[in-house]
Amino acid sequence: MDFGRRDHLGAKNGHLTIDGADVVDLARQHGTPLYVIDEGRIRNNYRRFAAAFPDADVYYAVKANGHIAVLRMLAQEGAGADVFSDGELYAALLAGIPPERILFNGNSKTDAELRMACETNVRVSVDSLDELRALARIASEANKEVEIAFRVNPDVSPATHPKIATGLVQSKFGIPHHQVLASYVEALSLEGVRLAGIHCHIGSQILELSPFAEMMTRMMDLVEALKNELKLELDFIDIGSGLGIPYAGTAPTPIDLANTVLPIFNARSRALDIRSKLILEPGRYIVGDAAILLCTVNTVKEAHSTFVGVDAGFNLLLRPTLYESWHEVIVANKLGKTSDHVYTIAGPICESGDILARDRRLPRVEKGDLIAILDAGAYGFAMSSQYNGRPRASEVLVNKGEAEIIRRRESYGDLLTGQNIPPHLL
Ligand code: LLP
């Protein structure tokens, strides 16, 4: 079997391997459902991305996969972090990502989160004037000066699922284009904040390059206006991320992205005589293809379609249900067998929408077979839940063919964590 660009996957004795480890053995040893993450793949993805932008800083988007081991390896690689909550900030710092390379993003931060940002000396991407005023007050009270950027809405419409397009004019994210200058003016008048940058993010899983070019141009237009009208020179210009990965078909590479945005960034920076640092915030590209979700077939049923019932559903991989997204499916213990059947892979959750993949051509599937869902490393475990009373899966990390458990399977007790029965019910 040819895995093409997924060269961390392979076949041995009819079994799928990831970084040389036989996934049938892993499933036997650790049970299913099981997430298997390839450390080498994450490191290589990071290096490929960083190499495409040699003069930029790469802030990994923690939301894509916030496992502390993933954050730790990226800290070792020199990554910064885009965090979107106090919990993500906590984990990023714990993993050893330096505070000066962390940007605290978010469209609705609590005062406690703003205080935490001040205390931990990270930079903040401010999403509204309300937030600006709150942050300035909190920072002044703490005798701190926080470096800020404004998250701006560049009004660019990428062709992606509407639920993951964030730069549209009607989006909840960012300061509307026409209010940007006034926001910088107000920030200049406040104590406790120092204007250090500008930030945007137009969406996720974007497979075309033109929206990135449009975004870069609009960002540089704003940078030019800030320089000309407010004499403001920014330390950084953060263009977020959104680079899609080829779940099916093809996708642009980091080099394609660099070839699209860097000529605009460099030419405009030169013309303006500014030396702002470019920052990017990839999540999906770094971890997306580095993990697979293994699940066992509980049942095969001939109905309107032929349903393969597996032990993982949208509780562990929400993307197909939420965005109708497509993930490659492999019968991991039957590699090399002819794909002469058509199946719909259904999860165990009590919802009709709990379908992981529709109408896939696969070898004959039987109860007990092992199904691998590919490219499950980004927004997979990160969006998992315990819905329907299902303990979350365990995770193993494969490094040079050796597997280590990095998250134990949850117990029934974990399902009840934090709950108690009030006295009148005892
Ligand atoms: N920066 C900001 C401010 C973001 O909001 C995001 C993603 C990223 C960076 C990372 O973008 P990426 O490189 O991963 O495209 N759950 C959805 C994706 C939601 C993305 C949210 N923001 C999915 O499973 O497709």
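Given the structure is predicted, the values throughout are model-derived calculations rather than measurements.

Attention now goes to the overall build of the protein chain. The number of helices and strands found in the protein chain is twelve helices and 21 strands. For 426 residues, the compact-globule estimate of 2.2 N^0.38 gives 22 Å, and the protein chain sits close to it at 23 Å. Overall size of the protein chain, expressed as C-alpha extent along the three principal axes, is 70 × 60 × 40 Å. Counting every position in the protein chain, which comprises 426 residues, the buried fraction comes to 56%. Put simply, 69% of the contacts in the protein chain that link residues at least 6 apart link residues at least 24 apart. Working note: accessible area of the protein chain is about 18200 Å², and carbon and sulfur atoms make up 50% of it.

Glancing now at the pattern of salt bridges. A side chain of one charge can pair with a side chain of the opposite charge when the charged atoms of the two come close. Under the criterion given, the structure shown has 28 salt bridges. Here arginine 6 and aspartate 375 are joined by a salt bridge, their closest N and O atoms 2.7 Å apart. You can see arginine 6 sitting in the segment before β1 (9–12) and its partner aspartate 375 sitting in the loop between β19 (370–373) and β20 (394–399), a full 369 residues away along the chain. The class of arginine 6 is buried, set by a relative accessible area of 9%. A relative accessible area of 1% places aspartate 375 in the buried class. Here aspartate 111 makes a salt bridge to arginine 137, at a shortest N to O gap of 3.4 Å. Here aspartate 111 is found in helix α5 (residues 111–120), whereas its partner arginine 137 is found in helix α6 (residues 129–141), with 26 residues between them in sequence. On the basis of relative accessible area, aspartate 111 is assigned to the partly exposed category, the value being 33%. One salt-bridge network, in which partners are shared between bridges, spans Arg5, Arg6, Asp7, Arg41, Asp289 and Asp375.

Bringing the sheet that holds strand β2 (residues 15–18) into the picture now. Across the sheet, which stays open at both edges, the three strands sit in the order β1-β2-β3 with antiparallel pairing between neighbours. Every interior strand has two partners, whereas the edge strands, β1 and β3 (21–22), have only one. With four bridges joining them, β1 and β2 adopt antiparallel strand pairing. From the neighbouring strand, alanine 11 faces β2, where its bridge partner is leucine 16.

Before going further, it helps to spend a moment on the packing of aromatic side chains. All told, the structure shown has six aromatic pairs when counted by the stated rule. Summarising the aromatic geometry, the rings of phenylalanine 150 and tyrosine 184 are spaced 4.8 Å apart at their centres and angled 70° between planes, so their arrangement reads as edge-to-face. Linking phenylalanine 150 in strand β9 (residues 146–153) with tyrosine 184 in helix α7 (residues 180–188), this pair joins segments that are 34 residues apart in sequence. In this pair, the class of phenylalanine 150 matches that of tyrosine 184, namely buried. Through pairs of rings, three or more aromatic residues link up here, namely Phe49, Phe53 and Tyr285.

Let us look at the site of the ligand. Taken together, 18 residues lie near the ligand, and Ser204, Ser241, Glu281, Arg319 and Tyr379 sit nearest. Between the ligand and serine 204 there is a distance of 2.5 Å, counted from an oxygen atom to a side-chain nitrogen or oxygen. Taking tyrosine 323, its side chain carries an N or O atom lying 2.7 Å from a nitrogen atom of the ligand. Bound to the protein, the ligand loses 93% of the 600 Å² it would expose on its own. Of the residues that constitute the shell around the ligand, the class distribution is six nonpolar, six polar and six charged.

At their nearest, the axes of helix α2 (residues 39–52) and helix α9 (residues 254–272) sit 8 Å apart, and the two run at 20° to each other. When the axis of α2 is compared with that of α9, the two are roughly parallel. The hand of the α2/α9 crossing is right-handed. Here Arg48, Phe49 and Ala52 of α2 come into contact with α9, specifically with Pro254, Ile255, Leu257, Ala258 and Leu262. Split by residue class, the contact of α2 with α9 holds seven nonpolar, no polar and one charged.

A few words on the nonpolar core. Judged by nonpolar contacts, the single largest core of 85 residues is most densely connected at Phe53, Ile148, Phe150 and Ile198. Element by element, the count of residues in this core is highest for helix α8 (residues 210–230), at eight residues. Aside from chain neighbours lying at most four places away, what touches phenylalanine 150 is Ser125, Val126, Leu132, Ile175, Ser183, Tyr184, Ala187, Leu195, Gly197, Ile198 and His199. Counting 22 residues, the second largest nonpolar core, distinct from the first, contains Tyr35, Val297, Val308 and Val365.

For the bond from threonine 32 to proline 33, the omega torsion is -5°, close enough to zero to count as cis. The phi dihedral of aspartate 359 falls on the positive side, at around 50°, and the residue is not glycine. With respect to the helices, strands and loops of the structure, aspartate 359 is situated in strand β18 (residues 355–362).

Buried within α5 we find Glu113, Leu114, Ala117, Cys118 and Thr120. Positive phi appears at asparagine 121, one or two residues downstream of α5, with a value of about 60°.

The element β9 is largely enclosed, with a buried count of seven among its eight residues. Alignment of strand β8 (residues 123–126) against β9, held across three bridges, turns out to be parallel. Its bridge partner lying in β9, valine 126 is registered against phenylalanine 150. Considered for its hand, the β-α-β crossover made up of β8, α6 and β9 is right-handed. Relative to strand β10 (residues 175–176), β9 is paired through two bridges, and the arrangement is parallel. Residue pairing across strands places asparagine 153 opposite proline 176, the latter belonging to β10.

Quick notes on the rules
Residues numbered from 1 in each chain as written. Predicted model: local features only at pLDDT ≥ 70, side-chain atom pairs only at ≥ 80, totals over all residues. Heavy atoms only, no water. Helix = DSSP H or I, 4+ residues; strand = E, 2+ residues; numbered from the N terminus. Rg over C-alpha atoms; globule rule 2.2 N^0.38 Å. Buried < 20%, exposed > 50% of the residue type's maximum accessible area, 1.4 Å probe, protein only. Contact = heavy atoms within 4.5 Å. Areas by Shrake-Rupley, 256 points an atom, 1.4 Å probe, with all protein chains shown as cover. Salt bridge = Lys/Arg side-chain N within 4 Å of Asp/Glu carboxyl O. Pairing = 2+ DSSP bridges. Phe/Tyr/Trp six-rings, centres within 6.5 Å; stacked < 30°, edge-to-face > 60°. Near = heavy atom within 4 Å. Polar contact = N/O pair within 3.5 Å; in protein donor to acceptor, adjacent residues only side chain to side chain. Nonpolar A, V, L, I, M, F, W, Y, C, P; charged D, E, K, R; others polar. Axes fitted to C-alpha atoms, helices over the stretch in contact; angles between N-to-C directions. Parallel < 35°, antiparallel > 145°, perpendicular 65-115°, else oblique. Left-handed = near helix turned anticlockwise from the far one by under 90°. Core = buried A, V, L, I, M, F, W, Y, C linked by side-chain atoms within 4.5 Å. Right-handed = clockwise from strand over helix to strand, strands pointing away.

That's the geometry; what it means functionally is another story.
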